[in-house]
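Breakdown of the fold
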Amino acid sequence: MSDTPDRSTTWADTLRRPWTALVAAAAVVLGPAASTASALMQANAAPLRQTPSPHRRL
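Read on for an overview of the structure. (Residues numbered from 1 in each chain as written. Predicted model: local features only at pLDDT ≥ 70, side-chain atom pairs only at ≥ 80, totals over all residues. Heavy atoms only, no water.)

Things to note about the overall build of the protein chain
- From N to C terminus, the protein chain includes two helices and zero strands.
- Counting every position in the protein chain, which comprises 58 residues, the buried fraction comes to 0%.
- When the accessible surface of the protein chain is summed, it comes to about 5,900 Å², and 65% of that surface belongs to carbon and sulfur atoms. (Helix = DSSP H or I, 4+ residues; strand = E, 2+ residues; numbered from the N terminus. Buried < 20%, exposed > 50% of the residue type's maximum accessible area, 1.4 Å probe, protein only. Areas by Shrake-Rupley, 256 points an atom, 1.4 Å probe, with all protein chains shown as cover.)

What about a nonpolar patch on the surface?
- A surface patch of nonpolar side chains, about 310 Å² in accessible area, is lined by Val28, Val29 and Leu30.
- On the secondary structure map, Val29 appears in helix 2 (residues 18–45). (Patch = residues over 30% accessible without salt bridge, like charges linked within 9 Å, V, L, I, M, F, W, Y side chains within 5 Å. Salt bridge = Lys/Arg side-chain N within 4 Å of Asp/Glu carboxyl O.)

Here's what the structure looks like:
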């Protein structure tokens, strides 16, 4: 007989730990925030669009 724990009980024990829940919650909250920040940084790095002045004829 083997002294290693059953694989299903190992996963169940891992999912019950408070740190696992904390890390999962942080990933849910910070994941979208990181992608939003990345998109905003790309938008800010883009060159500004030149708008025609009202005194200039087209």
